[in-house]
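Here is how the chains run, residue by residue.
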Amino acid sequence: MTEEKWPLWEVFVRSKAGLDHKHCGSVHASDAEMALEFARDVYTRRSEGISIWVVPSNMITASKPEDKESLFEPADDKIYRHPTFYDIPKAAGKM
Amino acid sequence: MNNLLKKDALAQYAAQIGDNGLIIGHRMSEWCFRCPAIEMEMALMNCALDLIGQARALYSYAGTADGQGKTEDDYAYLRDEPDFRNALLTEAPNGDWGDTIVRLFFMSAYNKLFFTALAESTDSQLAAIGAKSLKEVTYHLRFSSEWMIRLGDGTEESHRRVQKSVDQLWPYTGELFTMTEAEETLLKDGVSVDVRLLKPEWDQIVNDILAQATLSRPQNDWAQSGSKAKGIHSEEFGYIITDMQFLQRRYPGCEW
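Residues numbered from 1 in each chain as written. Chains lettered and ligands numbered in written order. Predicted model: local features only at pLDDT ≥ 70, side-chain atom pairs only at ≥ 80, totals over all residues.

Novice: Go over the confidence of the model for chain B with me, naming the residues and quoting the values.
Specialist: Detailed reading of the predicted coordinates is not advisable wherever pLDDT is low. Residue-level pLDDT values for chain B average 95, and 99% of them are 70 or greater. In the predicted assembly, ipTM is 0.72 and pTM is 0.88. (pLDDT = per-residue confidence, 0-100.)

Novice: Hey, could you go over the packing of helix α5 (residues 97–118) of chain B against helix α9 (residues 199–212) of chain B for me, with residue numbers and the actual values?
Specialist: Residue and element names in this part refer to chain B. Contact geometry of α5 with α9 gives a least axis separation of 10 Å together with a crossing angle of 140°. Classified by the angle between their axes, α5 and α9 sit oblique to one another. For the pair α5 and α9, the crossing hand works out as right-handed. Every residue of α9 that contacts α5 at Ala109, Tyr110 and Leu113 is listed here: Glu201, Trp202, Ile205 and Val206. Among the residues forming the contact of α5 with α9, the class breakdown is 6 nonpolar, no polar and 1 charged. (Axes fitted to C-alpha atoms, helices over the stretch in contact; angles between N-to-C directions. Helix = DSSP H or I, 4+ residues; strand = E, 2+ residues; numbered from the N terminus. Parallel < 35°, antiparallel > 145°, perpendicular 65-115°, else oblique. Left-handed = near helix turned anticlockwise from the far one by under 90°. Contact = placed C-beta atoms within 7 Å. Nonpolar A, V, L, I, M, F, W, Y, C, P; charged D, E, K, R; others polar.)

Novice: Help me get a handle on the sheet that holds strand β3 (residues 51–56) of chain A, residues and values and all.
Specialist: One key point about sheets: their strands pair by backbone hydrogen bonds, in either a parallel or an antiparallel sense. Residues and elements named next belong to chain A. On the basis of which strands lie adjacent, the open sheet formed by 3 strands has the order β2-β1-β3 and antiparallel pairing. Because the sheet does not close on itself, it has two edges, and the strands there are β2 (22–28) and β3. Neighbouring strand axes in the sheet, compared pairwise and without regard to direction, differ in orientation by 30° on average. Two strands pair when backbone bridges link them, and strand β1 (residues 8–14) and β3 are joined in this way by 6 bridges, in the antiparallel orientation. Bridging across to β3, Arg14 finds its partner in Ser51. Lying on the sheet, helix α2 (residues 32–43) is in contact with β1, β2 and β3; it crosses β3 at an angle near 130°. (Pairing = 2+ DSSP bridges.)

Novice: Requested: an account of α2 of chain A, with residues and values cited.
Specialist: Spanning 12 residues, α2 of chain A covers 16 Å between terminal C-alpha atoms, matching the ideal 16 Å at 1.5 Å per step. Buried residues in α2 of chain A make contact with β1, β2 and β3 of chain A together with α2 (38–66) and α6 (124–152) of chain B. (Expected span 1.5 Å × (residues − 1).)

Here's what the structure looks like:
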């Protein structure tokens, strides 16, 4: 009952300094502070993180699954966009 | 006064602090499977586990100080009602979510100040336990403060109900700032915390959050006492240890 009334929040956790925040799930909460605390208790209780972001789920604009072909498939036959045809100068080291 | 041997005072002192954690932690664990939302349940159980963990460390140390080979289980499961010296506040019934939050808030405000001071104890073991516990109770204070504001400054119903919780639990807060014989005995050497000195800062924390939560602070400062100094508990306490100690009483020495 309560959960139906509470909005959904997406949770992003950064596991180490220098790494990106990664999406790891969602929580129901009535406000941002509550979402942050719930996220802490649900997603970092085994030392998974050092920083948390919460974002209202309805603020995320997502691509539609049915648009997959037109959005992503045209890139599949354009292998020249990958930088695999270049010789890397020795001085550049590992890339 | 001050006839206690230092060794016994230390054992009593460690156990008495542990009792606070065990009893309020057990009370909170009674919410398991009953919270209104799964996220709230995980939050509350995490806090409960912190508090029971603190009790374990303190009971182990009490057993060492006592020197008669008592384990943490002896303290938790094999003592009787008058042996527990937790503050009355910690054994108050769960009531509704507001009652549970107000109890945790009053206790966490105290715990934050208490463990800050205990981390400066001349007893290195107590100081270490104090430093570790401080991080945990700082979060409990944050968690419960947010809820105080949310409920107090929430709907008309939540405001009315949480104000009632504040009024009902208020008379149990004064006992936190009274000294036991063990505390007096250990004070000279800087082992124990002078809890009387924590009251002004506790008032400040509580006043600030009550104001943000649009709640009023009860005017009457009369305090109920008896448990911390003498082991005289409220009626509900017997039910707590009946539940908590059942397994060890029914199957003595049982392990799993």
